[in-house]
Structure formats: structure tokens, C-alpha cells
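Here is what each chain is made of, one letter per residue.
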Amino acid sequence: MGRAEMRKAAQKKGKGGGRRGAAAASAAAAAGPGKKRFIDYPRWGKTGVRRWLPSWKQWLSAFLLFFATGVGIVFYLYQTTTVPDLKDLVKEQNTIYYWADGSEMTRKGDMNRQIVELKDMSPYLQNAVISAENETFRTDSGIDPKGMLRAVYNMAKGGETQGASTITQQYVKNAYLSQEQTLSRKLKEFFITLKINQQMGKEDILKGYLNTSWFGRNANGAQAAAQAYYGVNAKDLNLCQSAMLAGLLKGANYYDPSKPANHDRAVDRWKWILDRMVETKNVSAEERAKCTTFPEPIQPKSSSNMNGEISYLVDTVNQYVMATDKSITQQVIDKGGLKIYTTFEKDKVDALKKAVDDVKAENLNPQKRPDNDTFIQFGSASIRPGDGAIVALYGGDGVENGHFDNNANATGVQVGSTFKPFVLATAMQVGVQTAKGDDGKPKRINADSRYLSDDLSEIRKPDGSLVIGDDGKPYRQKNEDAGKRGYVSLRQAMQYSYNVPFVQLNQDVGGQNVADIAVQMGVKKDSLADPKTPTFPLGTSTISPIRMATAYGTFAASGKEAEPYSATKVEVDGKERPGFGKKDTKAALEPPVADNVTDVLVNVAKNGTGTKTNTLGRPVAGKTGTTDQNKSAWWVGYTPQLVTSVAMWREDPSKHDRLSLNGTGGKESIHGGDIPTDIFTRYMKAALANEKKMDFPSPQPIGTEVDSSGAPSTATATPTQTATQTPSEAPSAPQPTQPQPTQPQPTQPQPTQGGGCVPGVDCQPTPQPTHPPKPTPTDTCFLFGCTTPTPTGGGSTGGSTGKPGGGGKPTPSSTTTP
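Because the structure is predicted, anything quoted here is derived from the model rather than measured. (Residues numbered from 1 in each chain as written. Predicted model: local features only at pLDDT ≥ 70, side-chain atom pairs only at ≥ 80, totals over all residues. Heavy atoms only, no water.)

Enquirer: Looking at this structure, I do not really get the overall build of the protein. What am I missing?
Expert: Secondary structure assignment for the protein yields 25 helices and 21 strands. Relative to its 818 residues, the protein shows a buried fraction of 53%. Pairs at least 24 apart in sequence give 72% of the contacts found in the protein among residues at least 6 apart. Summed over its atoms, the accessible surface of the protein is roughly 36600 Å², and 53% of this surface lies on carbon and sulfur atoms. (Helix = DSSP H or I, 4+ residues; strand = E, 2+ residues; numbered from the N terminus. Buried < 20%, exposed > 50% of the residue type's maximum accessible area, 1.4 Å probe, protein only. Contact = heavy atoms within 4.5 Å. Areas by Shrake-Rupley, 256 points an atom, 1.4 Å probe, with all protein chains shown as cover.)

Enquirer: Would you take a moment to explain the nonpolar core for this structure?
Expert: Formed by 118 residues in total, the largest nonpolar core has its most connected members in Phe419, Phe422, Leu505, Phe555 and Tyr683. Apart from residues no more than four positions distant in its own chain, Phe419 is found in contact with Val514, Ala518, Leu528, Phe536, Pro537, Gly539, Ser541 and Ile543. Core analysis: the next-biggest nonpolar cluster, separate from the first, contains 50 residues, Leu206, Phe215, Ala224 and Ala226 among them. (Core = buried A, V, L, I, M, F, W, Y, C linked by side-chain atoms within 4.5 Å.)

Enquirer: What is the right way to look at the state of the cysteines in this model?
Expert: By definition, a disulfide is the covalent link that joins the sulfur atoms of two cysteine residues. Enumeration according to the criterion identifies 1 disulfide in this entry. Cys240 shares a disulfide with Cys291; S-S distance 2.1 Å. One quick way to see it: the torsion about the S-S bond of Cys240 and Cys291 is about -100 degrees, and its sign makes the bridge left-handed. Of this pair, Cys240 sits in helix H11 (residues 239-248) while Cys291 sits in the loop between helix H14 (285-289) and helix H15 (310-324), and the two are 51 residues apart along the sequence. With a relative accessible area of 16%, Cys240 lands in the buried category. (Disulfide = S-S within 2.5 Å.)

Enquirer: Please clarify how the sheet that holds strand E1 (residues 95-98) should be interpreted in this entry.
Expert: Strand pairing in a sheet takes place through backbone hydrogen bonds and is either antiparallel or parallel in direction. One open sheet accounts for 5 strands, arranged E2-E1-E5-E15-E16; its pairing is mixed. Both outer strands of the open sheet, strand E2 (104-108) and strand E16 (575-576), are each paired with one neighbouring strand and no more. Pairing of E1 with strand E5 (residues 338-342) involves 3 bridges; the strand directions are parallel. Note that in E5 the partner of Ile96 across the bridge is Lys339. Of the strands in this sheet, E1, E2, E5 and strand E15 (567-572) touch H15, which is tilted by about 75 degrees from E2. (Pairing = 2+ DSSP bridges. Axes fitted to C-alpha atoms, helices over the stretch in contact; angles between N-to-C directions.)

Enquirer: What should I look at first to understand the environment of Val317 in this one?
Expert: Along the chain, Val317 falls in helix H15. Since its relative accessible area comes to 0%, Val317 is described here as buried. Separated by 25 residues in sequence, Val317 and Thr342 have C-alpha atoms that sit 7.1 Å apart. If sequence neighbours within four positions are ignored, Val317 has contacts with Tyr97, Ile340, Thr342, Phe344, Ser566 and Ala567.

Enquirer: What exactly am I supposed to notice about the environment of Lys119 here?
Expert: Along the chain, Lys119 falls in the loop between strand E3 (112-113) and helix H5 (123-133). For the pair Lys119 and Ala234, spaced 115 residues apart in the sequence, the C-alpha separation amounts to 9.7 Å.

Enquirer: What is the right way to look at the confidence of the model for the protein in this model?
Expert: Parts of the prediction with low pLDDT should not have their coordinates interpreted in detail. With 76% of its residues at a pLDDT of 70 or more, the protein has an overall mean of 81. For the stretch residues 159-164, pLDDT sits under 50, and the model shows 14 contacts to residues farther than four places along the chain or on other chains. Across residues 714-818 the pLDDT falls below 50, and counting only partners more than four positions away or on other chains, this stretch makes 261 contacts in the model. (pLDDT = per-residue confidence, 0-100.)

Enquirer: How should I be thinking about the pairing of E2 in this particular structure?
Expert: When a strand is regular, its side chains alternate between the sheet's two faces. Pairing analysis gives 4 bridges linking E1 to E2, with the strands arranged antiparallel. Across the sheet, residue Thr95 finds its bridge partner in E2, namely Lys108. Following E1, the chain reverses through 5 residues before pairing antiparallel with E2; Gly102 in that reversal takes a positive phi of roughly 95 degrees.

Enquirer: Explanation requested: the packing of helix H10 (residues 222-230) against H11 in the structure shown.
Expert: For any two helices packed against each other, one specifies the inter-axial angle together with the distance between the axes. At a closest axis distance of 11 Å, the pairing of H10 and H11 adopts a crossing angle of 110 degrees. Taken as axis vectors, H10 and H11 run roughly perpendicular relative to one another. Here H10 and H11 pass one another in a crossing that is right-handed. Listed contacts from H11 to Ala225, Ala226, Tyr229 and Tyr230 of H10 are Gln241, Met244, Leu245 and Leu248. Classifying every residue of the contact of H10 with H11 by side-chain character gives 7 nonpolar, 1 polar and no charged. (Parallel < 35°, antiparallel > 145°, perpendicular 65-115°, else oblique. Left-handed = near helix turned anticlockwise from the far one by under 90°. Nonpolar A, V, L, I, M, F, W, Y, C, P; charged D, E, K, R; others polar.)

Enquirer: I tried to follow the pattern of salt bridges on my own but got confused; where do I start?
Expert: Proximity of charged atoms lets side chains of opposite charge pair with each other. Inspection of every chain in the model, using the stated rule, returns 34 salt bridges. A salt bridge links Arg288 to Asp275; its shortest N-O distance comes to 2.9 Å. Linking Arg288 in helix H14 with Asp275 in helix H13 (residues 263-279), this pair joins segments that are 13 residues apart in sequence. On the accessibility criterion, Arg288 (16% relative accessible area) is buried. Measuring nitrogen to oxygen at the nearest pair gives 3.4 Å for the salt bridge that ties Asp530 to Lys532. Look at the salt bridges and you will find they share partners, linking Glu345, Lys348, Arg384 and Glu691 into a network. (Salt bridge = Lys/Arg side-chain N within 4 Å of Asp/Glu carboxyl O.)

Enquirer: I tried to follow the environment of Thr411 on my own but got confused; where do I start?
Expert: Looking at the element boundaries, Thr411 is found in the loop between strand E7 (390-394) and helix H18 (420-429). For the pair Thr411 and Pro260, spaced 151 residues apart in the sequence, the C-alpha separation amounts to 9.9 Å. With residues near it in sequence (within four places) discarded, Thr411 still touches Thr542, Ser544 and Arg658.

Enquirer: Is there a simple way to explain a nonpolar patch on the surface in this structure?
Expert: On the surface, a cluster of nonpolar side chains totalling about 680 Å² of accessible area is made up of Trp56, Leu60, Phe63, Leu64, Phe67 and Val71. Topologically, Phe67 is positioned in helix H3 (residues 56-80). (Patch = residues over 30% accessible without salt bridge, like charges linked within 9 Å, V, L, I, M, F, W, Y side chains within 5 Å.)

Enquirer: I'm lost on the pairing of strand E8 (residues 432-436) in this one. Help?
Expert: Note that E8 and strand E9 (residues 442-443) share 2 bridges and pair antiparallel. Looking across to E9, one finds that Lys436 is bridged to Pro442. Counted along the chain from E8 to the antiparallel partner E9, the turn is 5 residues long, and its residue Gly440 has a positive phi close to 85 degrees.

Enquirer: It is not clear to me how the packing of aromatic side chains should be interpreted in this structure. Could you clarify?
Expert: Pairs of aromatic rings are described using the distance from one ring centre to the other and the angle between the two planes. Applying the stated criterion across every chain yields a total of 13 aromatic pairs. With a centroid separation of 5.3 Å and an interplanar angle of 90 degrees, the aromatic rings of Trp270 and Phe294 are classed as edge-to-face. One end of the pair, Trp270, is in helix H13; the other, Phe294, is in the loop between H14 and H15, and 24 residues separate them in sequence. Like Trp270, the residue Phe294 is buried in the burial classification. (Phe/Tyr/Trp six-rings, centres within 6.5 Å; stacked < 30°, edge-to-face > 60°.)

Enquirer: So what exactly am I meant to see when it comes to H5 here?
Expert: What sets the pattern is the α-helix's 3.6 residues per turn: residues three or four places apart point alike. H5 sits mainly inside the fold: 9 of its 11 residues count as buried. Residue Ser122 occupies the N-cap position of H5, its side-chain oxygen lying 3.1 Å from the main-chain nitrogen of Tyr124. (Polar contact = N/O pair within 3.5 Å; in protein donor to acceptor, adjacent residues only side chain to side chain.)

Enquirer: Help me out: how do you make sense of the packing of helix H22 (residues 545-556) against helix H23 (residues 591-607) in this one?
Expert: Where H22 meets H23, the closest approach of the two axes is 7 Å, and the angle between their N-to-C directions is 105 degrees. In terms of their interaxial angle, H22 and H23 are classed as roughly perpendicular. Residues Tyr552, Thr554, Phe555 and Ala556 of H22 form the contact with H23, whose own contacting residues are Ala594, Val597, Thr598 and Leu601. In terms of residue class, the contact of H22 with H23 is made up of 6 nonpolar, 2 polar and no charged.

Enquirer: I keep staring at unusual backbone geometry and nothing clicks. Help me out?
Expert: Negative phi values dominate among residues other than glycine, just as trans dominates among peptide bonds. Notably, Asn218 is not glycine yet its phi reads approximately 65 degrees, a positive angle. Along the chain, Asn218 turns up in the loop between helix H9 (202-212) and strand E4 (219-220). Here Asn218 falls in the partly exposed class, since its relative accessible area comes to 23%. At Phe375, a residue that is not glycine, the phi angle is positive and equals roughly 65 degrees. Take Phe375: it is sitting in the loop between helix H17 (346-363) and strand E6 (376-383). In this structure Phe375 comes out as partly exposed when scored by relative accessible area, which is 36%.

Structure below.
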């Protein structure tokens, strides 16, 4: 009987019950399975779970089978893998950049590659690279299994992979493979590495690695790098220089010390490599001790097709491309084969450069004023609100003039009072902690809320206690001048950029809430100062022109934040990469909040510190900013179609130290309403010449009037007007001869100084005549800001009689104005 027949017979007899069925089943089992199978599975004679569990023999057989198969596959792949000829892999290609209209902007190519023998490379460089990258290079097998498994695991998770961990693997990746991170490329790397390690000696591998490694500055290989960074041959590199170059292999884009943002990082890595050389016995402690001063490289050499603003445009879009697609590195871009379609509009880039050049030519004379008109820097960015496309930027004088830093993306320049609108927006959206609504939450306020504006006013926390400075005394905030104007509306405070009201408002809403709103609007979190310091609302943060334009673009787009982008399409070797172009906007502010802030900033442009923009003849909103000791001056403004930021500062390029702008252009001081606003106005005239005039949305009511503590309860604040003049009308200057009323009227500001200067902003206090003359448009004070002497102890952020705790503390040398 077959096995199935015996089972049926046993079941049939089992139905009759009794011992006969069981005996029959036992007999059938004893009879065996009949015809023997090749694989006894499911297992004969077993019942229940054991019937389906393989025996130890089956487990062993399966393991041996899979092991043999794996060995066979590895042997086959190893035998069929060929090492390509290096000469066949050297393909010179260009990376091409296109303007927004599709025409070619520029191209990069012709990589600097010079092959030299190992004997023509400094032993210091060889040992520095081995100490930093692979200390066991001379004895290992060339493969790091743990590193490869870690890379495969990261790829499976979708995360970033780490680089190859041995010099041999890095050489294979550099010379024979693409930079893509895929499993197939990792397998190729593994087998080619095995063959290379068998076919080539360690000296040949090290030679190949040093000749194919990317060091930045378009330099491929040690010889090209030695020339690019130190102007010497690779064999003549000393220990200190060699350690610096070895540090670039970790990522030249992050460790090239000629970029200010990289310098400290480069110095730290240089020191680490020198110490590693001592630890690995590749250099003596005595030799290492001779490297006490960091070997600064020479300035990069520029190509003629990167002159003007082109190099800064290329730098901006490269950074965006690498941040968007992590598989595209600077090395990939330099090797070529990419087509990058940018958002930059050539006519607007040219117009922005012309505006800067014309204003510089009219105001700066380095030969006449070498101590004041040298080292003047400008940075600017122009973005479409609600879209995020960067249409123009100004990054500097051009690499051909020795300026390599991209000022449009510069960090480290304080933004001054251009930060105040973020404080007002927070008060409108989040509310003040000093008053509660019916729901028990902080009460949201409007621009007619009144705050004390007196110079040297004490600042209070939401609980009513005084803010205490570092000296243990109550902190007092200083305005630009010493006027006593009592309580003014926040609209008027923004118009004349009084410091005291916004320092108090920041306390009432909470500095962290202001920081959160600024980040939601497009500001980078790492560019913000400590929000717990009293001077935080006065712009001690160092935000780039691109990000300031982005944040103000959120106001222009009724609260929708659009991430800035500079590439609409990227192709690599003919294949388009995903993820580029416009992203979905995010709701950062409620539309009524954004529109009400815009309404306040329209008043600033029409009647306050930004009156130069009136010549545009169209609605403009914006804010000036000037920092302590006039170390920087800003204007950030916008129309419904375009937002543009302009920053101006003075910096010694050899030390990267900020210098005062006082005396620049023959003026006593420079303010944001002066040269930066002039550049903005000239540029926007050209950029918007063919676009229709558009009005900003009419603001819907938001919040309620919430006066700060101490405001007289008998006074009624009168809402100020922001759009009563036509754009062609000159702003009305405050009348200094009017007496100071007991309760100030927001529409009638009362200055204390003469000459028609905007109080608390463009002028310093001067002796007041009985009947000062009313300014005319030809007065220098009116056109370019006042040049009266700065009072002793006065500062832009105003200073104080008590120092606040933490960073950003206002002292006579660290204060901010508009």
C-alpha cells in the first residue's frame, strides 16, 4: 500500500474505534513510507509540529547548499569583474548653467588634473593622508567589511551613506566608479577593490589615490592641489601645509579655510591631523611642535567666465543643488556632466549690479578717504514673494577683484531694526502675556496699542518685575536720542524706529515666541541671537540677505512662507533629478496679521525712515536697520511682486573684523535709510519697469488696543493713517516747533532736534534753536540722513545704564538702531 492508502485505511479503521484502529495505524507506520523520496519533507512518521520542523541533517544540508552557492556567485563575479583602464575613464565634461529664460549663463569644466609619481609627492603629505584617512593602510587588506555593511544599511534606510573607509576603497571610488550611492555600485567597489589589492602594491595604490583625489578649487590630485593652495609643487610641501591639504579630503567644500565660515573648522582639523601623525608615529613630536601657525593658503585663482556676479550666482545655486540632492557633491559638480537651470533673471541681475555700482561711484572715494571708504561691502537678494524664486542677487565686487565671499548669503552681519517687524507680528498673532483674552490666552494686539518711548526707560518682565542688568541694576533701554515722547502707538514707534517700545513689547510677548515666528517666516534658526537677551528685538541676530528677503516675502504674500530656491531643473548625465523648483508654501502668519504688518511698513516707507522709496511711484513697504557704531546698515523692502534686501557693512578682509561705517562717503554716520535704501530704489525702478503697479491687500481688523502698563487711562489713542499721500509726494517732516503735548498724538510726532531729521533714527541730538528752519528736499539731512555729531555714550541700539545678562548685551559698543 502507498502512504496515502495506508492513511485512509487507518482513518477508516479508526472510525470503528477501539484498539483495532490504533493497531492498524501502528502497523501501517511500521511498514514505512513506501517509495523513498529525495527530500523527506514534510517528515514521514512525525505528527503535529514536528512533522514540519526540518531535521538537523536537513538544516546542515541547506546551509552547505547556500554557502556553496554564495561562494560560487562571489567567485563568478570576481572572475568576470574587470578593472577599467584609467585612461578610458577620464572624460572631460562641463557643468552648464542657464539663465531663467533658458539661455546659457556660464559653464565650468577643464578640471585641473596633473599626474605625478609618488616620489614627487612630499612624504609629509603621504603620511598625513594615511594618518587621517586610514592608519592601517600599509598592512590591511583594502576592505573594511563593517564600513560596507554600514553603508548598505544606511542605503536601505534611505539615509545618507558614509564614504569608503579605506584608502584602497576610496581610490576605487574616485578612479573607477561614479559617486552614486547604490547597491550595485557598492558591489562593484567591493570586487574591484579585491582585484586592485591583489594586482597593485601599496605604493601604487597610494600614488593612484593621491593623483585622483579631489581637493577643491577645481584641483584633482596632490600636484594640482599644491599649486592651487600654496603655489608650490607637491614634492615641496612642508609638514604644516601637508596637514592642511590632507584635511581637505574629508570635504573641501567644508574645510577650505579661504572661506570665512570654514576657517575655524579647518584649523581644528589641521591640528587634529598633526596630532594623529604623532600618535601613529608618522612624525615626531618635535617636528609637530614646529607647526604653531596655521598655513594660510593663497587666494583662489578665478576663471574669466566667473567674473562679475557670475561666481556668486554659481555658488548660490551650487549650495542649493547640493542641499536638495545629497548625492550631488561639489566633486560631482566639478567633474562635469550637469545642466543646471537657474531662477536668475539676467536683466534683474544686471540692474542690481548697476544700482550698487552707481551708488558706490557717487558716494565712495577710497583715494580721497582711504580710512573710511575702503573695505565697504554690499550684499543683496531679490525674491518673488509667494514663490521663493531668487531672481537676482549681489554678492560682491567680483572674484576678478579678489572678492571671493558671497555677500548675498553672508552671515555674521547684524540686521538691526529690520528685526522689529517680527516682534510686532508675534504680538498680533500670539498676543501679549500682560493681558488675557476671554479665553484666558494672551491677548492679541493691534498697531494702535501704545507703549512708552522715553529714552532710558526701565524694562519690565510680564509679571511686572524689572529686568536686571549684569551690574545688578535695573536695565534701561536707550533710544538714538534723549527725547521724552511719552506713550506712542506701535505704528508710530515703527515709523521712527524707537527702541524702547519694541524692547518692552518683546518682553511682553516672549523672546522665544518671536524667534519661533521668525523661523516660521523663513529665518534660519542658527542665525538667531539668544532670544532671552533684552536686545534680541533690536536685531543682534546675523541673518543673510537671502533669508531676510525670504522672511519679508512672507509679509508680502499675506503670511505664506515660500522657501527660496535657485534651480528649476537639474540634469546629471542627461537624466533629470527630482526635487527641484518651487515648493508648496506654508502658512507662517494669519493673513490679517501679515497684511496689518505690511500696512505699518507702508507707513515707514512713506512717512518714516524709508522715504527715499517714494520716488518709485508705487506702493512700497519696508524697514531700515542700523547697528551699533554703524557697523552695518540695512533696508529690506517689498512691493506685491518683488522683495529685495540690501545690506551694507565694512570689513577688513584680512581679519574679517567689522569696522564702523562712520565717516563713509564723507558722512558723519550711515543709516539704513541712506545708501541701502537708495540702492533698493534704483534697482526696483529698473526691475519693475515693465510690471504694473499693484496695491497691497487692505488689512482686515486684527487684535485690540492693549496699552503697556502706565499709559494714562484718560487718553484715547487715535489710529494713525498710512496711505494718505501719493507716492510722488515728499514726506512731511515732523515740526520741531510744535510743543510737546501731554498725550502724544500718533499722527503728530514731536521731535526734539532741528534740521528736519527723523527723531530717534537719522540724527543725533543737537542744540535746538528757537525757530529751526523746515527742511527742503535739497537739504543733505533730508536726502542722506543727518550728519550731526554723535553724543558721547549713545549707540545704535541705544545702550543702557544697566547691562543685561547673556550674549548680545548692550554696552556703549554693542547697541543697535534702525
